[in-house]
2 protein chains.
Amino acid sequence: MKMRSDYTCPLELTHDIIRGKWKPLILWLLSKSGCSPSALKKSIPGISQKMLLQHLNELLECGVIQKTTSERYPLKTEYSLTQRGQKIFEAVSIMQSVGIEMMLEDNREDFLRDKGLL
Amino acid sequence: MKMRSDYTCPLELTHDIIRGKWKPLILWLLSKSGCSPSALKKSIPGISQKMLLQHLNELLECGVIQKTTSERYPLKTEYSLTQRGQKIFEAVSIMQSVGIEMMLEDNREDFLRDKGLL
DNA sequence: CAGCATCCCCACTGATACTG
DNA sequence: CAGTATCAGTGGGGATGCTG
């Protein structure tokens, strides 16, 4: 993910961090509990392992998530939000509620009910 | 801007709407007052006219902004947020405050002071 | 299971010129 | 000033296979 070198406005910094296609959803899932890569992959229909790892590494670089790894077999890795990640999650959380409101306006209650959001 | 055809989560809908490189900033500027395209261009260093108009049209399609045009010369167009746009702006607004917090952590007070944000 | 490497496509972005 | 059209570069993202 190409980050801007200079910013017009602080919101562009936040924007660059969550711009990736699956990043908001990853942050959303990690906010609920730490997750292994395989657990994340199962929860995100359509994502490839490559994109998952790439996005995770970029989020690591930005300091919004952290990981812990067990050195011995079976390999076990867990990603979780850092304190900075929890700030970013405030934005993601608003995005979620705004999305729900828009879907309600568009009569998508069916979708929301399927997801257990109503 | 390619929108997903189906969504795992409502937050992806919000994400798709503001994913464009300059969209958060455009919404931020429009939230303060209606703006003409030329005024927006002046306020957004680095944006080309093509990208500005393209992003505006996409935001129009999503129903988050609206425009009013005077038919006669001199041509005068003004874009502004719709009610839905004001909901999206809630997310953009949080992105701004989170961005400010992160910049403060990174000792970027200088930047924020330049922008009149401190 | 976690992570990396390679190949490839196309969407996003940019630069420029043109029309009403 | 608002808006459109064309051409081109790049990097985000998908598919697949390999390694520890």
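Residues numbered from 1 in each chain as written. Chains lettered and ligands numbered in written order. Predicted model: local features only at pLDDT ≥ 70, side-chain atom pairs only at ≥ 80, totals over all residues. Heavy atoms only, no water.

- By the naming in an unreviewed UniProt entry, chain A is Helix-turn-helix domain-containing protein, taken from Blautia hominis.

Thoughts on the overall build of chain A
- When its secondary structure is counted, chain A shows six helices and two strands.
- When the helices and strands of chain A are read in sequence order from the N terminus, they spell out α-α-α-α-β-β-α-α.
- Out of the 118 residues belonging to chain A, those deemed buried represent 47%.
- Of the roughly 6200 Å² of accessible surface on chain A, a fraction of 48% belongs to carbon and sulfur atoms.
- For chain A, the separation between the mean place of its 17 positive charges and that of its 14 negative charges on side chains is 9 Å. (Helix = DSSP H or I, 4+ residues; strand = E, 2+ residues; numbered from the N terminus. Buried < 20%, exposed > 50% of the residue type's maximum accessible area, 1.4 Å probe, protein only. Areas by Shrake-Rupley, 256 points an atom, 1.4 Å probe, with all protein chains shown as cover. Lys, Arg positive; Asp, Glu negative; His and termini not counted. Charge placed at Lys NZ, Arg CZ, Asp CG, Glu CD.)

Quick notes on the protein's contact with DNA strand C
- Surrounding DNA strand C, one finds 23 residues, the nearest of these being A:Q49, A:K67, B:K2, B:K50 and B:L75.
- Sugar and phosphate atoms constitute 52% of the interface atoms of DNA strand C, taking the interface as everything within 4 Å of the protein.
- In the environment of DNA strand C, a phosphate oxygen lies 3.4 Å from a nitrogen or oxygen atom belonging to the side chain of A:R19.
- The contact in question runs from a phosphate oxygen of DNA strand C to an N or O atom on the backbone of B:M1, over 3.2 Å.
- The class makeup of the residues in the surface near DNA strand C is nine nonpolar, eight polar and six charged. (Near = heavy atom within 4 Å. Polar contact = N/O pair within 3.5 Å; in protein donor to acceptor, adjacent residues only side chain to side chain. Nonpolar A, V, L, I, M, F, W, Y, C, P; charged D, E, K, R; others polar.)

Points about the relation of the copies chain A and chain B
- Overlaying chain A with chain B gives an RMSD of 0.0 Å, the required rotation being 180° about an axis along which the chain moves by 0.0 Å. Here the transformation between the copies is reduced to the relation of a two-fold axis.
- Both copies present the same face, since 100% of the interface residues in chain A are matched by interface residues at the equivalent positions in chain B. (Least-squares fit on C-alpha atoms with pLDDT ≥ 70 in both. Contact = heavy atoms within 4.5 Å.)

Here's the deal with the protein's contact with DNA strand D
- Among the 22 residues in the neighbourhood of DNA strand D, the closest are listed as A:K2, A:K50, A:L75, B:Q49 and B:K67.
- Taking the atoms of DNA strand D that fall within 4 Å of the protein, sugar and phosphate contribute 50% of them.
- Between a base oxygen of DNA strand D and a side-chain N or O atom of A:K50, the distance comes to 2.3 Å.
- A distance of 3.2 Å separates a sugar or linking oxygen of DNA strand D from a polar side-chain atom of B:T77.
- Among the elements of the structure, helix 4 (49-61) of chain A together with helix 3 (37-43), helix 4 (49-61) and strand 2 (76-81) of chain B are those that each provide at least two residues to the surface near DNA strand D.
- In terms of residue class, the surface near DNA strand D is made up of nine nonpolar, seven polar and six charged.

What about the interface of chain A and chain B?
- Of the residues lining the interface, 42 residues belong to chain A; the matching set on chain B comes to 42 residues.
- Here chain A and chain B share an interface that buries about 3900 Å² over both sides, 66% of which is from carbon and sulfur atoms.
- The largest share of the area that chain A buries against chain B comes from A:P10, A:L11 and A:M102, three residues that together contribute 17% of it.
- Where chain A meets chain B, there are eight salt bridges.
- Salt-bridge contacts for A:E105 lead to B:K87; the nearest nitrogen and oxygen are separated by 2.7 Å.
- Summed over the shared surface of chain A and chain B, the result is 23 residue pairs in polar contact (both at pLDDT 80 or more). (Buried area = accessible area lost by both parts, 1.4 Å probe. Salt bridge = Lys/Arg side-chain N within 4 Å of Asp/Glu carboxyl O.)

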